[in-house]
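These are the residues of each chain, in order.
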4 protein chains.
Amino acid sequence: MKKIRVTIWNEYVHEQAQTAAGEYIRRFYPRGIHRYLAEHLSASDLEIRSVSLDEPEQGLNDELLQNTDVLLWWGHCAHAEVKDELVDRIQKRVLEGMGLIVLHSGHLSKIFRRMMGTACRLRWREVGEKERLWVVSPSHPIAQGVPETFVIPNHEMYGEPFDIPQDGKIVFMSWFEGGNVFRSGVAFERDRGRIFYFSPGHETFPVYHDEVIQRILGNAIRWAAPLGYVPDRITKQPESLETIRTENPLDKLDTSALHK
Amino acid sequence: MKKIRVTIWNEYVHEQAQTAAGEYIRRFYPRGIHRYLAEHLSASDLEIRSVSLDEPEQGLNDELLQNTDVLLWWGHCAHAEVKDELVDRIQKRVLEGMGLIVLHSGHLSKIFRRMMGTACRLRWREVGEKERLWVVSPSHPIAQGVPETFVIPNHEMYGEPFDIPQDGKIVFMSWFEGGNVFRSGVAFERDRGRIFYFSPGHETFPVYHDEVIQRILGNAIRWAAPLGYVPDRITKQPESLETIRTENPLDKLDTSALHK
Amino acid sequence: MKKIRVTIWNEYVHEQAQTAAGEYIRRFYPRGIHRYLAEHLSASDLEIRSVSLDEPEQGLNDELLQNTDVLLWWGHCAHAEVKDELVDRIQKRVLEGMGLIVLHSGHLSKIFRRMMGTACRLRWREVGEKERLWVVSPSHPIAQGVPETFVIPNHEMYGEPFDIPQDGKIVFMSWFEGGNVFRSGVAFERDRGRIFYFSPGHETFPVYHDEVIQRILGNAIRWAAPLGYVPDRITKQPESLETIRTENPLDKLDTSALHK
Amino acid sequence: MKKIRVTIWNEYVHEQAQTAAGEYIRRFYPRGIHRYLAEHLSASDLEIRSVSLDEPEQGLNDELLQNTDVLLWWGHCAHAEVKDELVDRIQKRVLEGMGLIVLHSGHLSKIFRRMMGTACRLRWREVGEKERLWVVSPSHPIAQGVPETFVIPNHEMYGEPFDIPQDGKIVFMSWFEGGNVFRSGVAFERDRGRIFYFSPGHETFPVYHDEVIQRILGNAIRWAAPLGYVPDRITKQPESLETIRTENPLDKLDTSALHK
């Protein structure tokens, strides 16, 4: 069986900060969120690589992108540094069939806003409150093996209204201790590619250490993996399929009547 | 009653071409498609202006854009000339509530692809064949007063597969003499704004002279007009609405167990 | 201007019960929820009638139904008593264009389940906890003039997963003190008719006394009012619109080869 | 690997008619459409049974239904004979996860109208004209291995407007020689179950002899097969998950102010 080729991209800034916050974050992700996920999502049907913004070509050269079936994206403070040219290449690849999983603060990443066409804004608050998630679509592949409700004891709040298109299939919804609600797991299709937005994963909490969260990410990777790629097509259809009977009457048109 | 402020934007290139084709097109639109539409969509509840790419700031300075409720867009051979900065400004305005009506070859315009996030490709053929349109959603406001089926005697063919998101409400579908079908009138919502794509309107046929087509465009303008504008909001919610009871247990966390 | 003809249907059982609960409920709705709503939704553009299950033909004879533009439905313990024949008539009328607003425990009414095709189940708990609603679609007509978030101090909990089709436009989402979330205001279109499900309104709390709730119901009525009715059509199209060129080759078919 | 248990239900009336039409149909389906399909969809991962209306319990006793993963439904002139009690049982099973594939004139079957909630009407004409199908969603599992366009040389016309809910994912659209268009392959989800409507298959043409059509039906069966069944759940949630802090202030409520 062919393995799913997964690439985990991380801006990898918070985890390297020489600050108290950075030190705090390194307690959970000493080598970066990308490497932590690569290790903990490891499975026999997956071939996982992890890359980061500080690598050549911002971590995603064309060869790697062409050989990626599902791309995970974690970004927050460095969205603006990602080059438009890279966003163009990722978008093209998604539209051809590559899966894209956008994590947490990636809701404002260039690539997510590009795929959605909307502002992707939301309400937020960072006081470490309790988040409770609910499975809204129990039969969705991403929800398999996930309990109907489960808790992240401390997390950043992301709340409605969330500016995304209406055709997202809601897989998870969240309740926050401070009084907010949120569509926290939403699945989209865009041309040949599948996109999953999943809000858990603030860097100052060990969210990705949670086995339920890891299960969801594993499910999402397998759901987003393409059936196959559809290369760029030539859109002109040179001949008609059915006989066209009319001559163009406009060729003999007396247009004087059109402009009285 | 407050009038709807309509701006009709046209790249206005074909109609000015000093070629046989240009001469042909000028039979139908001697002063440009934008001016023709401005004149023929005229109504007491509309305040219509028409602009074109060759004007200062590509026809859409900020003041005009801020005072536009519904923007119509006709473009074809000059899509690439439209500045990204203008596309940014239009997108922001649509997301705040401005209506956007994208006509014919505008399916590949920067602004339509930006709003959709998809490739917006389609099959096409230009032999002047017959197009027959069908009302698929008879109760949609854009279809009011439109016969269940009607014909454009000669038109360019636009056919499926059409790469657009799934949440477009299909108002019209088209049949083509040469054997193709197409979702020719599709209504979207993105954040606070409404978008209508309508495929009729190839420049070498007098499509906009048709009263049914004019009726549809008038309906679309009134449907897309905003209820009101929602300015850019500050998304941070500084305080919780409900009391948050927990202290952050992570503050006293012994993380040694996390990394065995 | 033609008024919108509104009919408010109520099973009217709880309010008449000769029990402590009934007495309690009558503090808020002494003459029934239907009459209370008829009085408090009163407006110059609405012509409102209220009816109940205990009236002849269960309150909805054919003439009344034919002269109703928007039907509000409150039911709970007497769903099973509503005759299937009445449900058939209401469904037919909705599909032709009548608006339908289903309130609270009407999620399990025959007519709502008929229109949805799904089980319409949800999680619930009745301890009088706080419900906080959020506007998820600020530009939807039903949300106009409604604050981004507001509270029902004490209410029955309705929670996810809620078994409804995916094409409901989510206008409101709810947060519950006890840890649940819910799609509490959802707008559907079915053929020519519009349907709005709105969960607030448990009989033992004075929810319909709240001015924000009344505003939402008024908005919903105006949103659901039909543009016009589409009578039952004859679906056969006796002649083709375009010339059909082929003879049926099957008439001369040698079928011996089909069944080797 | 567990096989998918497929049941093909056919009203089996036309094929048994002692008329010229019946004789004609028997050239293509001598033992009935259900048996023809059972034979030609045969594959190592499928366990296929075929049943018909004239069998005990209308062909679908409870044990068979409980042991069916995907149900195919072909009906036309005997829709009214199918008992409501059977429709109830099928609906319940679909909502729990069973796949349902509705063929051709099954658009007006009780079970399809029950699942949709709409009138499911369409335009039609029976003159044996050419139908051309187009793949609209090339990445959908049901479209795998299917050419972008293909032809049924002679078929009954089914045309728009087609009264179905908006959340159907359009996999195929059809062009008809006589000038009509149609959403001929549409995929729905209802609670835990998947539903595919596919219009080809009029009994007087050998449509199911076509290998492309057989491929589509095989794809649809595998797409509709459930991940697992979700039995009827108890919807009451007896305790809150989070602590509820308030007492019900209504208990001490002075309601005199409510009814001035």
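## What about the overall build of chain A?
Helix and strand content of chain A: six helices and nine strands. Buried residues in chain A amount to 62% of all 260 residues. In chain A, once contacts between residues fewer than 6 apart in sequence are set aside, the share between residues at least 24 apart is 70%. Of the roughly 9,600 Å² that chain A leaves accessible, carbon and sulfur atoms contribute 51%.

## So, empty space enclosed by the protein
In total, this model carries five cavities of 30 Å³ or more according to the counting rule given. Roughly 150 Å³ of internal volume is contained in the largest cavity. Gly168 and Ile170 of chain A together with Gln166, Gly168 and Ile170 of chain C are the residues nearest the centre of the largest cavity, which is lined by 14 residues in total. Listing elements by their share of the lining of the largest cavity, those giving two or more residues are β8 (181-190) of chain A together with β8 (181-190) of chain C.

## A few points about the sheet that holds strand β1 (residues 4-10) of chain B
In a beta sheet, neighbouring strands are held together by backbone hydrogen bonds and run either parallel or antiparallel to one another. Residues and elements named next belong to chain B. With mixed pairing, nine strands are arranged side by side in an open sheet as β2-β1-β3-β4-β9-β8-β7-β5-β6. The sheet is open, and its two borders are formed by β2 (46-52) and β6 (149-159), each paired with just one other strand. Averaged over all pairs of adjacent strands, the angle between their axes in this sheet comes to 25 degrees, without regard to strand direction. The pairing of strand β3 (residues 70-74) with strand β4 (residues 99-103) spans five bridges and is parallel. Counted as the bridge partner of Leu72 is Ile101 from β4. The strands touched by helix α2 (residues 33-40) within the sheet are β1, β2, β3 and β4, with β2 carrying the most contacts at an inclination of about 175 degrees.

## Describing the sheet that holds strand β1 (residues 4-10) of chain D
Residues and elements named next belong to chain D. The strand order β2-β1-β3-β4-β9-β8-β7-β5-β6 describes an open sheet built from nine strands, whose pairing is mixed. Every interior strand has two partners, whereas the edge strands, β2 (46-52) and β6 (149-159), have only one. The sheet shows a mean angle of 25 degrees between the axes of neighbouring strands, taken without regard to direction. When strand β8 (residues 181-190) meets strand β9 (residues 193-198), the two strands line up antiparallel, connected through six bridges. The residue of β9 that forms the bridge with Glu189 is Arg194. Packing of helix α2 (residues 33-40) onto the sheet brings it into contact with β1, β2, β3 (70-74) and β4 (99-103), and relative to β2 it is tilted by some 175 degrees. Across the sheet, helix α4 (residues 84-96) is in contact with β1, β3, β4, β8 and β9; its angle to β9 comes to roughly 115 degrees.

## Remarks on the environment of Thr243 of chain C
All names here are of chain C. With respect to the helices, strands and loops of the structure, Thr243 is situated in the segment after α6 (211-224). Relative accessible area serves as the criterion here: at 51%, Thr243 is assigned to the exposed category. For the pair formed by Thr243 and Glu23, sequence separation is 220 residues and the distance between their alpha carbons is 72 Å.

## Remarks on the packing of aromatic side chains
Across all of its chains, the model carries 52 aromatic pairs over all chains by this definition. Ring plane angle 20 degrees and centroid distance 5.7 Å describe the contact between Phe196 of chain B and Phe198 of chain B, whose orientation is recorded as stacked. By relative accessible area, Phe196 of chain B is classed as buried at 0%. Assessed through its relative accessible area of 0%, Phe198 of chain B is described here as buried. Seen in terms of ring centroids, Phe196 of chain B and Trp223 of chain B are 6.5 Å apart; in terms of plane orientation they differ by 70 degrees. Their pairing is edge-to-face. On the criterion of sequence distance, the pair formed by Phe196 of chain B in strand β9 (residues 193-198) and Trp223 of chain B in helix α6 (residues 211-224) is long-range, its members being 27 residues apart. Taken together, Tyr24, Phe28, Tyr29, Tyr36 and Tyr208 of chain A form an aromatic cluster joined through their ring pairs. A cation over a ring is seen here: Arg27 of chain A above Tyr24 of chain A, with NZ or CZ 4.2 Å from the ring centre.

## As for the pattern of salt bridges
Scanning the model with the defined rule gives 68 salt bridges over all chains in all. Arg5 of chain C is the salt-bridge partner of Asp69 of chain C, the closest N and O atoms lying 2.9 Å from each other. Note that Asp69 of chain C is positioned in the loop between α3 (62-66) and β3 (70-74) and Arg5 of chain C in strand β1 (residues 4-10), a separation of 64 residues in sequence. Assessed through its relative accessible area of 7%, Asp69 of chain C is described here as buried. Taking the relative accessible area as the measure of exposure, Arg5 of chain C reaches 15% and is therefore buried. Salt bridges sharing common partners tie together Asp62, Glu85 and Arg89 of chain A.

## So, helix α1 (residues 20-28) of chain B
Residue and element names in this part refer to chain B. Buried within α1 we find Gly22, Ile25 and Phe28. Looking straight down α1, one finds its buried side chains confined to an arc of 105 degrees; they lie on one side. Opposite the buried face of α1, at more than 90 degrees from it, the exposed residues are Ala20 and Glu23. Check the buried side of α1 and you find it contacts α2.

## A closer look at the pairing of β6 of chain B
Residue and element names in this part refer to chain B. A large share of β6 lies buried, amounting to eight of its eleven residues. Pairing between strand β5 (residues 123-135) and β6: eight bridges, direction antiparallel. Across the sheet, Glu131 pairs through a bridge with Ile152, a residue of β6.

## Regarding the side chain of Asn154 of chain B
Along the polypeptide, Asn154 of chain B turns up in strand β6. Looking at Asn154 of chain B, its side chain comes within polar contact range of the main-chain oxygen of Gly128 of chain B, at 2.8 Å.

## Observations regarding unusual backbone geometry
Omega for the peptide link from Glu160 of chain A to Pro161 of chain A comes to 0 degrees, which places this bond in the cis form. Mapped onto the secondary structure, Pro161 of chain A falls in the loop between β6 (149-159) and β7 (169-176). Even without being a glycine, Glu57 of chain C presents a positive backbone phi close to 50 degrees. Positioned with a positive phi, Gln58 of chain D is a non-glycine residue whose angle comes to about 55 degrees. Its place among the elements puts Gln58 of chain D in the loop between β2 and α3 (62-66).

## Describing the pairing of strand β5 (residues 123-135) of chain D
Note: β5 of chain D against strand β7 (residues 169-176) of chain D, five bridges, orientation antiparallel. Paired with Val135 of chain D across the bridge in β7 of chain D is Phe172 of chain D.

## Some details on the confidence of the model for chain A
Here chain A averages 91 in pLDDT, while 89% of its residues score no lower than 70. For this predicted complex, the interface confidence score (ipTM) comes to 0.91, while the overall pTM stands at 0.93.

## Section: the side chain of Ser174 of chain A
Relative to the helices and strands, Ser174 of chain A resides in strand β7. Not counting the four nearest positions on each side in its chain, Ser174 of chain A is found in contact with Glu131, Arg132, Leu133, Asn180, Val181, Phe182 and Ser184 of chain A together with Val181 of chain C.

Thresholds applied
Residues numbered from 1 in each chain as written. Chains lettered and ligands numbered in written order. Predicted model: local features only at pLDDT ≥ 70, side-chain atom pairs only at ≥ 80, totals over all residues. Heavy atoms only, no water. Helix = DSSP H or I, 4+ residues; strand = E, 2+ residues; numbered from the N terminus. Buried < 20%, exposed > 50% of the residue type's maximum accessible area, 1.4 Å probe, protein only. Contact = heavy atoms within 4.5 Å. Areas by Shrake-Rupley, 256 points an atom, 1.4 Å probe, with all protein chains shown as cover. 1 Å grid on protein atoms, 1.4 Å probe; cavity = no way out; pocket = protein on both sides within 12 Å on 5 of 7 lines; lining within 4 Å. Points joined across faces, edges and corners; volume = space filled by probe spheres on them. Pairing = 2+ DSSP bridges. Axes fitted to C-alpha atoms, helices over the stretch in contact; angles between N-to-C directions. Phe/Tyr/Trp six-rings, centres within 6.5 Å; stacked < 30°, edge-to-face > 60°. Lys NZ or Arg CZ within 6 Å of the ring centre and 35° of its normal. Salt bridge = Lys/Arg side-chain N within 4 Å of Asp/Glu carboxyl O. Arc of directions from axis to C-beta. Polar contact = N/O pair within 3.5 Å; in protein donor to acceptor, adjacent residues only side chain to side chain. pLDDT = per-residue confidence, 0-100.

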